[in-house]
Amino acid sequence: KNQVEQSPQSLIILEGKNCTLQCNYTVSPFSNLRWYKQDTGRGPVSLTIMTFSENTKSNGRYTATLDADTKQSSLHITASQLSDSASYICVVTSNDMRFGAGTRLTVKP
Amino acid sequence: SAVISQKPSRDICQRGTSLTIQCQVDSQVTMMFWYRQQPGQSLTLIATANQGSEATYESGFVIDKFPISRPNLTFSTLTVSNMSPEDSSIYLCSVARDRDSPLHFGNGTRLTVT
């Protein structure tokens, strides 16, 4: 069983709408959690990093949250744009890096 | 952030042949990794490429199948040997300054084995 579970597996929203992606993990000990964006045909790019003491961090229209007690993180995208269409991957660093399978987001006009 | 050039971007190969993938970084980096990403799956770490010494392989991956070279701090190659259709996947090179730094990825090599 993967120690980093992401949901939903895929998501389709209309341009301008908001959405929230989820990441639950069982990895221990915890060092940090990163959200990556992977455009089709490209390598993943880091969006944000969350450490144990951080609850919320924003990067433009992206806001990540972390609840270290329940081992859950979310990535909220505000006012979605067509260019947000991509896979979003949650990566938890412990003694090594554990990757989630990603959420495939499609933003339609 | 590091700029990573990965070649080839894609290839179609016949069963039983080998393909060498190159990864060139525009700056010296300590940590360099090779990942595999199968459709709809997580990224899976194949090995850590160590400069001047043998690569460190993850469980399920062996040097005979995936030989890796890293002659200096800016370049590495991954060879997929004696390929079978099960090796069809995207192979990604990535680098990081240290454990707490983000990974920077190449754009990947999409390999199809027929």
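Look up: the structure comes first, before these words.
Keep in mind that what you see is a predicted model, and the values were worked out from it rather than measured.

### So, the overall build of chain B
Now for step 1: Tallying secondary structure elements over chain B gives zero helices and 11 strands in all.
Now for step 2: For chain B, the sequential pattern of α-helices and β-strands runs β-β-β-β-β-β-β-β-β-β-β.
Now for step 3: Relative to the globule expectation of 13 Å for 114 residues, the C-alpha radius of gyration of chain B, 13 Å, shows essentially globular dimensions.
Now for step 4: For chain B, the exposed surface amounts to about 5700 Å²; the carbon and sulfur share of it is 46%.
Now for step 5: On chain B, the mean spot of the 9 positive side-chain charges and the mean spot of the 9 negative ones are 6 Å from each other.

### Considering the sheet that holds strand S6 (residues 56-59) of chain A
Residues and elements named next belong to chain A.
Now for step 1: Ordered in space as S1-S3-S8-S7-S6, the five strands form an open sheet in which the pairing is antiparallel. Two strands lie at the open edges of the sheet, namely strand S1 (4-7) and S6, each paired on one side alone. Across the sheet, the axes of successive neighbouring strands diverge by a mean angle of 15°, strand direction being ignored.
Now for step 2: Two strands pair when backbone bridges link them, and S6 and strand S7 (residues 62-67) are joined in this way by four bridges, in the antiparallel orientation. The partner of Lys57 across the bridge, within S7, is Ala64.

### A few points about the interface of chain B and chain A
Now for step 1: Contacts between the two partners involve 15 residues from chain B and, on the opposite side, 21 residues from chain A.
Now for step 2: The junction of chain B with chain A conceals about 1400 Å² of combined surface from both sides, 46% of it contributed by carbon and sulfur atoms.
Now for step 3: Seen at the junction of chain B and chain A, the total is zero salt bridges.
Now for step 4: At the boundary of chain B and chain A, one finds five residue pairs in polar contact (both at pLDDT 80 or more).

### Points about unusual backbone geometry
Now for step 1: Here the residue pair Ser7 of chain A and Pro8 of chain A is connected by a cis peptide bond, since its omega of -10° sits within 30 degrees of zero.
Now for step 2: Backbone torsion omega between Ser28 of chain A and Pro29 of chain A reads -5°, so that peptide bond is classified as cis.
Now for step 3: Among the structural elements, Pro29 of chain A can be located in the loop between strand S3 (19-25) and strand S4 (32-38).
Now for step 4: The phi dihedral of Lys71 of chain A falls on the positive side, at around 55°, and the residue is not glycine.
Now for step 5: Tracing the chain through its elements places Lys71 of chain A in the loop between S7 and strand S8 (72-77).
Now for step 6: Backbone geometry places Asn82 of chain B, a non-glycine residue, at a positive phi of 45°.
Now for step 7: Among the structural elements, Asn82 of chain B can be located in the loop between strand S8 (75-80) and strand S9 (89-96).

### As for the state of the cysteines
Now for step 1: Applying the stated criterion across every chain, the model contains two disulfides over all chains.
Now for step 2: Across the disulfide, Cys23 of chain A is cross-linked to Cys90 of chain A (sulfur-sulfur distance 2.0 Å). Negative torsions about the S-S bond denote left-handed disulfides, and the value of about -70° found for Cys23 of chain A with Cys90 of chain A makes this one left-handed. Taken as a pair, Cys23 of chain A in strand S3 and Cys90 of chain A in strand S9 (residues 86-93) lie far apart in primary sequence, 67 residues in all. Residues Cys23 of chain A and Cys90 of chain A agree in their burial class; the two are buried.
Now for step 3: There is a disulfide in this structure between Cys23 of chain B and Cys93 of chain B, and the S-S distance comes to 1.9 Å. Negative torsions about the S-S bond denote left-handed disulfides, and the value of about -60° found for Cys23 of chain B with Cys93 of chain B makes this one left-handed.

So, how was this worked out
Residues numbered from 1 in each chain as written. Chains lettered and ligands numbered in written order. Predicted model: local features only at pLDDT ≥ 70, side-chain atom pairs only at ≥ 80, totals over all residues. Heavy atoms only, no water. Helix = DSSP H or I, 4+ residues; strand = E, 2+ residues; numbered from the N terminus. Rg over C-alpha atoms; globule rule 2.2 N^0.38 Å. Areas by Shrake-Rupley, 256 points an atom, 1.4 Å probe, with all protein chains shown as cover. Lys, Arg positive; Asp, Glu negative; His and termini not counted. Charge placed at Lys NZ, Arg CZ, Asp CG, Glu CD. Pairing = 2+ DSSP bridges. Axes fitted to C-alpha atoms, helices over the stretch in contact; angles between N-to-C directions. Contact = heavy atoms within 4.5 Å. Buried area = accessible area lost by both parts, 1.4 Å probe. Salt bridge = Lys/Arg side-chain N within 4 Å of Asp/Glu carboxyl O. Polar contact = N/O pair within 3.5 Å; in protein donor to acceptor, adjacent residues only side chain to side chain. Disulfide = S-S within 2.5 Å. Buried < 20%, exposed > 50% of the residue type's maximum accessible area, 1.4 Å probe, protein only.

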